[in-house]
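Report on the structure
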Amino acid sequence: MKKLPIHVKIMIGLVAGVIYAFISSSLGWNNFTINWIDPFGQIFIRMLKYIAVPLVLFSIISGISGLKDMSKLGRMGGKTLLFYMMTTVSAVLIGLLLVNTVKPGNMIDQDQRVKNRLQYENWVANTEGVEILDGKNYTNDPLYSNIEVEEMTEEQLALVADKQKAAEENKDGGPLKFLVDMVPQNIMLSLSNDKLMLQVIFFAIFCGITMAMLPDEKVAGLSAFVDGANAVFLKMVEIVMQAAPYFVFALLAGVIAKMADTPQEVFEIFKGLASYSVTLVVGLAFLVAVFYPGVMRIFVPKMGYKKFFKNISPAQFLAFSTSSSAATLPVTMECVEDNMGVSKNVSSFVLPIGATVNMDGTSLYQAVAVIFMAQMHMVDLSFVQQLTIVLTATLASIGSAAVPSAGLIMMIVVLQSVGLNPAWIAIIFPVDRILDMCRTVVNVTGDATVSTIVAKSEGELREV
Ligand code: ASP
């Protein structure tokens, strides 16, 4: 085991975790797994998370304070945001194209779709100010008038209310709220909340610029401290990663054990939503296997297909196991710097921003999920509504925190923007955790790709 490269070891841990989880659930060991194995997975996520915030803080300060040319920072910032925006919008468009071509929502049982439609019309009738989107009305159609429409279960209603509250908190406060939210009012509070990573980034950039403006002798002590602290946290990542294969095993075993008691139950959960899950996974796989390597080929021709995946795969496996771009960030930074050859100056600036705002997997997922749910309720969305989805899914993915299930919460905003029922998130909830794992892989791969391209264009990409 010792000689195998780390990404192979992590993959073995991952596969072993899945196999173990199925054995554990068939033999009725789930309680044992949840009590004695899952905690090690939780410990792993905690370690990665506590490293992430100080690492972002110190690496940005150290990277920027060392930059003597501030115009370079402005240029790099501009390029970073442009690339992030372009990849996110492309992801939404790919998602829309796919879901409108495959039409996974139409594959649901026809009677069920009719019931769904009537339920939607009921919801519209009870919601002030909302109109039936496509103008059709089935409620008064004699063919359907005697169909009973089921109400949501209490459990589903509670879930929706919970997520809706979280989405409202994000949305209230006008169009410039995202700018206000970026600025910390108390840096200690920002450091202690992993949803406030953008505030930490804001502070770190400002601090780095201020240090660069002061004479060297004034900040020499502080610079040495920041560089030293940065080195310590980087080393911590390296140490934790040695044990990653075992931790990943525990994490996967725990996630699956908590999902269902028997392997059949896992299958059942997926069966009803199979067309949606498969469409989404195909879209995400397209981004990872074709889109990013293709974009990379254009801007960094030397980065071949195999090399690209070999370099980035430890971060991808970790993204899959943790479902969190923030928890994966320390390892993404390590992969991009050590394997891809991106300079610290670039990676320490581009990656933390990417982990918080650039979520291509999440934006594609939101587009596919919203259209799928409209299709299964027999609601036709017009071209303008689909354009609205491009806009809101892009913004919602930027607003999603880099933690598990954040994309699901923000999807409420996308549903509301086109007048659909936000409670529909309860439909896809059962399969969301595993799909979250897949979209996080895409989010992390997107960040790594953009950081390599920005480094190349700035002459900051080493030969490796
Ligand atoms: N889990 C994702 C991430 O951290 C966000 C999401 O829920 O889509 O990148």
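This is a predicted model, so every value here is computed, not measured. The numbering scheme is per chain: residues are counted from 1 as the chain's sequence reads. In keeping with the predicted nature of the model, local features appear solely for residues at pLDDT of at least 70, side-chain atom pairs appear and are counted solely at 80 or more, and the whole-chain, interface and lining totals rest on all residues. As a convention, hydrogens and water are excluded, and side-chain values are obtained from all of the structure's heavy atoms.

All right, on to empty space enclosed by the protein then. Both cavities and pockets are sets of points on a 1 Å grid over the protein atoms alone; in a cavity a 1.4 Å probe fits but cannot get out, in a pocket the set is open with protein on both sides within 12 Å along at least five of seven lines, and lining residues sit with an atom within 4 Å of a point. Grid points are joined across faces, edges and corners, and a volume is the space filled by probe spheres set on the points. Considering all chains together, one arrives at two cavities of 30 Å³ or more under this definition. Counted as a void, the largest cavity has a volume near 70 Å³. Around the largest cavity, the lining comprises 17 residues; the ones closest to its centre are Thr362, Val403, Asp436, Thr440 and Asn443. Mapped onto the lining of the largest cavity, the elements with two or more residues apiece are helix H18 (406-417) and helix H19 (425-457). For the lining of the largest cavity, a count of residues per class yields six nonpolar, nine polar and two charged. The calculated volume of the second largest cavity comes to roughly 30 Å³. The numbering of helices and of strands both runs from the N terminus, where a helix is a DSSP run of H or I of at least 4 residues and a strand a run of E of at least 2. With three residues, helix H2 (residues 30-65) is the single largest residue contributor to the lining of the second largest cavity. Per-class residue counts for the lining of the second largest cavity are four nonpolar, no polar and two charged. Each residue is assigned to one of three groups, with Ala, Val, Leu, Ile, Met, Phe, Trp, Tyr, Cys and Pro labelled nonpolar, Asp, Glu, Lys and Arg labelled charged, and all others, Gly among them, labelled polar.

On to the site of the ligand. When we say a residue is near a molecule or strand, we mean one of its heavy atoms is within 4 Å of it. Around the ligand, the structure places 16 residues, and the nearest of them are Ser325, Thr362, Gly407, Asp436 and Arg439. Identification of polar contacts relies on pairs of N or O atoms within 3.5 Å, with a donor-acceptor requirement for protein atoms, meaning one able to donate a hydrogen and the other able to accept it, and with residues adjacent in sequence counted only if both atoms are side-chain atoms. Within the contact set of the ligand, a nitrogen atom lies 3.2 Å away from a backbone nitrogen or oxygen of Val403. A distance of 3.1 Å separates an oxygen atom of the ligand from a polar atom in the backbone of Ala406. Here, Shrake-Rupley sampling with a 1.4 Å probe gives the accessible areas, and only protein chains in the shown set may cover a residue. Relative to its unbound accessible surface of 270 Å², the ligand loses 100% to contact with the protein.

Angles run from 0 to 180 degrees between N-to-C directions of axes, and those axes are lines fitted to C-alpha atoms, restricted for helices to the stretch in contact. Two numbers describe how helix H12 (residues 274-299) lies on helix H16 (residues 360-376): the axes approach to 10 Å, and their chain directions differ by 150°. With respect to their mutual orientation, H12 and H16 come out roughly antiparallel. Two packed elements cross with a definite hand, and for H12 against H16 that hand is right-handed. Counted together, Ser275, Tyr276, Leu280, Gly283, Leu284, Leu287 and Tyr292 of H12 and Asp360, Gly361, Leu364, Tyr365, Val368, Ala369 and Phe372 of H16 form the full contact between these two elements. In the contact of H12 with H16, the residues fall into 10 nonpolar, three polar and one charged. Our angle categories are set so that under 35 degrees counts as roughly parallel, over 145 as roughly antiparallel, 65 to 115 as roughly perpendicular, and the remainder as oblique. Left-handed describes a crossing whose near helix is turned anticlockwise from the far helix through less than a right angle; right-handed describes the clockwise counterpart. Only heavy atoms matter for contacts: two residues are in contact if any of them lie within 4.5 Å across the pair.

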